[in-house]
Amino acid sequence: MTTSGPTTSPTQPSTTWRDLLLDQLGFYWDFHLRPRLDGLTDAEYLWEPASPAWSVRPGPDGEPRLEYEVPEPEIPPVTTIAWRMVHVGRDVFGRRARALFGPTDASADADMFDARHWPQAPVTAEGGLAMLEEGYRSWRAGISALDDESLMNPIGPKGLAYAEFPMAALVTHLSREAMAHGGEICLLRDLYRAQASPSG
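An account of the accompanying structure is given in this report. No experiment lies behind these values; they were computed from the predicted model shown. (Residues numbered from 1 in each chain as written. Predicted model: local features only at pLDDT ≥ 70, side-chain atom pairs only at ≥ 80, totals over all residues. Heavy atoms only, no water.)

1. Remarks on the overall build of the protein
Threshold: A run of DSSP states H or I qualifies as a helix once it reaches four residues; a run of E qualifies as a strand once it reaches two. Both are numbered from the N-terminal end. Any residue under 20% of the maximum accessible area for its type is buried, any over 50% is exposed, and the rest in between are partly exposed; the area is computed with a 1.4 Å probe on protein chains only. Values of accessible area rely on a 1.4 Å probe in the Shrake-Rupley scheme; residue burial ignores everything except the protein chains shown.
Check the secondary structure of the protein and you find six helices and four strands. Reading the protein from its N end, one meets helices and strands in the order α-α-β-β-β-β-α-α-α-α. With respect to the principal axes defined by its C-alpha atoms, the protein has extents near 80 × 55 × 30 Å. Burial status across the protein gives 40% buried among its 200 residues. Carbon together with sulfur atoms contributes 56% to the accessible area of the protein, which is approximately 11,800 Å² in total.

Right, here's the structure in full:
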C-alpha cells in the first residue's frame, strides 16, 4: 500500500531584501558587538595600544576631534577604541542617517559626508557608547522605512560621487564598515585586558 504526501509545498514566509539587510545588521549588533561593549571604562576607551595612535583629541579650537590625515598615510597609525566608536557611530551611521533621513541641523545642501550633521566627538566611554547607539538606531530606523523599490533607487545628490549608486549598495557598505570596525573594537578590548593582566 502506498501513501501520498502533501499535495502542496509549505510556503515560505514573505521576506523582503530590506528585512534581510536589517536582520543581518541587527543580528551582528545584538549578539556580537553590543554585548561586548558592556563595562567599557574611560581608560580603556582612550587606551593607545601603540605609538603613534589616532584618537579623539582637542583640535586647534579646543574641541575634541577625530584625528585623521588627508590623504591617508599608506600605513595609517593604530586607532583607539574611542576613534573607532566615534567613526562608526557618527561618521558611518549617524551622519548618513541625518543627511538622508533627517532630522539634521545642517543646511539642506549638506551631503552625507558633511561634518555639520554631527560635529561632536565624545571623550568618555559613556558618551562614545551613547553616540554609537544613537547612530545605529537612527540608521536602522531610516532603512526600516524603505521598501525594496526604494533600496534600488539611486542615493541621489547627497551621495556626491556615489549619487548614482543604489541605496542598497550604501546599506551593504555601511554594514561591512560596522562589522570590520566592530571586530577591531572587540580585539582592542581583548588586548587591553591581556596587557592589564599579563598572567591571565
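2. Quick word on the packing of aromatic side chains
Test applied: Here a Phe, Tyr or Trp ring, Trp counted by its six-membered ring, pairs with any other such ring whose centre lies within 6.5 Å, and the pair is stacked when the planes are under 30 degrees apart, edge-to-face when over 60, and tilted otherwise. Here, over-ring charges are defined by two tests on the NZ atom of lysine or the CZ atom of arginine: distance to the ring centre within 6 Å, and angle to the ring normal within 35 degrees.
Tallying each qualifying case throughout the model produces eight aromatic pairs. Considering the side-chain rings of Trp29 and Tyr136, the 4.2 Å spacing of their centres and the 10° angle between planes classify their relative orientation as stacked. Within this pair, whereas Trp29 is found in helix 1 (residues 17–33), its partner Tyr136 is found in helix 4 (residues 125–144), the two being separated by 107 residues in sequence. Comparing Trp29 with Tyr136 shows no difference in burial state: the two are buried. Measuring from centroid to centroid gives 5.7 Å for Phe101 and Trp139, while their planes differ by 50°, and the two rings are tilted. In this pair, Phe101 is assigned in helix 3 (residues 81–101) and Trp139 in helix 4, connecting sequence segments 38 residues apart. Judged by its relative accessible area of 1%, Trp139 falls in the buried class. Every member of this aromatic cluster is reached through a ring pair, and the members are Trp29, Phe93 and Tyr136. For the cation-ring pair, Arg98 lies above Trp118, with the distance from its terminal atom to the ring centre recorded as 3.8 Å.

3. As for helix 4
Rule in force here: Given a helix with a known number of residues, its expected span is that number minus one, times 1.5 Å. For this analysis, residues touch if any pair of their heavy atoms sits within 4.5 Å.
In this model helix 4 runs 28 Å from its N-terminal to its C-terminal C-alpha over 20 residues, within 8% of the 28 Å that 1.5 Å per residue would give. Listed as buried for helix 4 are Ala125, Gly128, Leu129, Met131, Leu132, Gly135, Tyr136, Trp139, Gly142 and Ile143. For helix 4, the elements touching its buried residues are helix 1, helix 2 (42–45), helix 3 and helix 6 (167–196).

4. Describing empty space enclosed by the protein
The test is simple: Throughout, the protein atoms alone are placed on a 1 Å grid, and a set of points is a cavity if a 1.4 Å probe fits but cannot get out or a pocket if it is open with protein on both sides within 12 Å along at least five of seven lines; lining residues have an atom within 4 Å of a point. Grid points are joined across faces, edges and corners, and a volume is the space filled by probe spheres set on the points. Charged means Asp, Glu, Lys or Arg here, nonpolar means Ala, Val, Leu, Ile, Met, Phe, Trp, Tyr, Cys or Pro, and polar covers whatever is left, Gly included.
Under the definition given, this model contains one cavity of 30 Å³ or more. The space that makes up the largest cavity amounts to roughly 30 Å³. Along its surface, the largest cavity is lined by Leu21, Leu22, Leu25, Trp139, Ile143, Val171 and Ser175. In terms of residue count, the dominant contributor to the lining of the largest cavity is helix 1 (three residues). Of the residues contributing to the lining of the largest cavity, the split by class is six nonpolar, one polar and no charged.

5. Here's the deal with the layout of surface pockets
Approximately 910 Å³ is the volume found for the largest pocket. Leu66, His87, Arg90, Asp91 and Arg95 are, among the 33 residues lining the largest pocket, the residues nearest its centre. At the level of secondary structure, the elements contributing two or more residues to the lining of the largest pocket comprise strand 3 (64–66), helix 3 and helix 6. Here the residues of the lining of the largest pocket sort into 18 nonpolar, five polar and ten charged.

6. Some thoughts on the side chain of Arg84
Spelled out, the test is: Whenever two N or O atoms come within 3.5 Å, that pair is a polar contact, provided that in protein one can donate a hydrogen and the other can accept it, and provided that, for residues adjacent in sequence, both atoms are side-chain atoms.
Counting through the fold element by element, Arg84 comes out in helix 3. Here Thr79 takes part through its side chain, which lies 2.8 Å from a polar atom of the side chain of Arg84.

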